[in-house]
Amino acid sequence: MKKRCISLLMVCLLCVPIAQAGFTDVPADAWYASQLDALVSRGAITGYEDGRFAPNAPITVAEYIKILVSCTMTEAAVNAFGGDGGNWSDKYIRACQSLGVLEGFDTSTDHLAKPITRNEAAWLTVAFARRNGETLAVPEGIERALRDYRSTYYTYQTAVGMAYGAGLISGYRNRTFGGEGNLRRSEAVSIITRLLDPT
């Protein structure tokens, strides 16, 4: 009986189409699958050793910065900021600082290890977009589009408005942005894809 159950489970798993990137928890028809494949091919994002991508798990501040940097600089350029020992993210933080987009952002070790909030993701994404030469502005009527915009912490408010106005980050169906909530890994894939291809 046990062998039969295992066999049935294997058949079910084989019948589920997997995204080209090969993650066991990303079906080929997932809304972010093609975007994920593109980022994986660029070496900008990876999954876990057990083959999962964990699309609904939060992404840390350091991981988000790593993806942004990897989509902006070559691997050789990033490695030039490496050093002996230290944390895996050190070279990405130094590389990002060299681009001039982290001024005023908390890059302490403790903060980098925390899940990134949607507010912080908006701040970083807008910083990279503006560095890339994009002209961003807070759209008129933003307070009607996002009911919680006015209560957004002032440090992030303008970036949230710009990111939303440029279509980089969308709100929720209840017309809120939810800036204090954690960004999911699948959401990060979609945001950075939009940043790379603003059209």
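Above this text you will find the structure in question.
Residues numbered from 1 in each chain as written. Predicted model: local features only at pLDDT ≥ 70, side-chain atom pairs only at ≥ 80, totals over all residues. Heavy atoms only, no water.

Visitor: Lay out the nonpolar core with the relevant residues and their values.
Guide: By size, the foremost hydrophobic cluster in this structure holds 57 residues, and its most contacted members are Tyr64, Ile65, Val69 and Leu124. Considering every element that reaches this core, the biggest residue donor is helix α7 (residues 118-131), with 8 residues. Here Ile65 is in contact with Tyr92, Ile93, Cys96, Leu102, Phe105, Leu112 and Leu124, once residues within four sequence places are set aside. (Core = buried A, V, L, I, M, F, W, Y, C linked by side-chain atoms within 4.5 Å. Buried < 20%, exposed > 50% of the residue type's maximum accessible area, 1.4 Å probe, protein only. Helix = DSSP H or I, 4+ residues; strand = E, 2+ residues; numbered from the N terminus. Contact = heavy atoms within 4.5 Å.)

Visitor: Go over unusual backbone geometry, please, and point to the residues and values.
Guide: One non-glycine residue, Ala54, lies in the positive phi region at around 60°. With respect to the element layout, Ala54 can be found in the loop between α2 (33-41) and α3 (61-70). Since its relative accessible area comes to 10%, Ala54 is described here as buried. Of note, the phi angle at Arg175 is positive, near 65°, even though the residue is not glycine. Relative to the elements of secondary structure, Arg175 occurs in the loop between α9 (154-165) and α10 (185-196).

Visitor: Help me get a handle on the packing of aromatic side chains, residues and values and all.
Guide: The description of two aromatic rings rests on the distance between their centres and on the angle between their planes. In total, this model carries 7 aromatic pairs according to the counting rule given. Site record: aromatic cluster; members linked through ring pairs are Phe23, Trp31, Tyr32 and Phe53. Here the guanidinium or amino end of Arg118 rests over the ring plane of Phe177, the centre of that ring lying 4.5 Å away. If you follow Arg185 out to its NZ or CZ, it ends over the ring of Phe53, 4.4 Å from the centre. (Phe/Tyr/Trp six-rings, centres within 6.5 Å; stacked < 30°, edge-to-face > 60°. Lys NZ or Arg CZ within 6 Å of the ring centre and 35° of its normal.)

Visitor: Could you give an account of helix α5 (residues 90-98), with specific residues and numbers?
Guide: Since the α-helix packs 3.6 residues into each turn, any two residues three or four apart lie on the same face. Of the residues making up α5, those classed as buried are Tyr92, Ile93, Ala95 and Cys96. Taken around the axis of α5, the buried residues stretch over an arc of 165°, which confines them to a single face. The elements touched by buried residues of α5 are α3, α4 (75-79), α6 (109-112) and α7. Just beyond α5, the residue with positive phi is Gly100, at close to 75°. (Arc of directions from axis to C-beta.)

Visitor: An account of the pattern of salt bridges is requested, with residue identities and associated values reported.
Guide: Counted under the stated rule, the structure contains 4 salt bridges. The partner of Glu187 in a salt bridge is Arg118, with the nearest N and O atoms 3.6 Å apart. Remark: Arg118 occurs in helix α7 and Glu187 occurs in helix α10; sequence separation between them is 69 residues. On the basis of relative accessible area, Glu187 is assigned to the buried category, the value being 10%. Its relative accessible area of 3% is what places Arg118 among the buried residues. Several salt bridges converge on common partners, so that one network encompasses Arg118, Arg184 and Glu187. (Salt bridge = Lys/Arg side-chain N within 4 Å of Asp/Glu carboxyl O.)

Visitor: Break down α10 for me, citing the residues and quoting the values.
Guide: Here α10 is 12 residues long and its end C-alpha atoms lie 17 Å apart, about the 16 Å a rise of 1.5 Å per residue gives. By the criterion of burial, α10 is predominantly enclosed, with 9 of the 12 residues buried. Within α10, the full set of buried residues consists of Arg185, Ser186, Glu187, Ala188, Val189, Ser190, Ile191, Ile192 and Leu195. On its buried face, α10 is in contact with α2, α3 and α7. (Expected span 1.5 Å × (residues − 1).)

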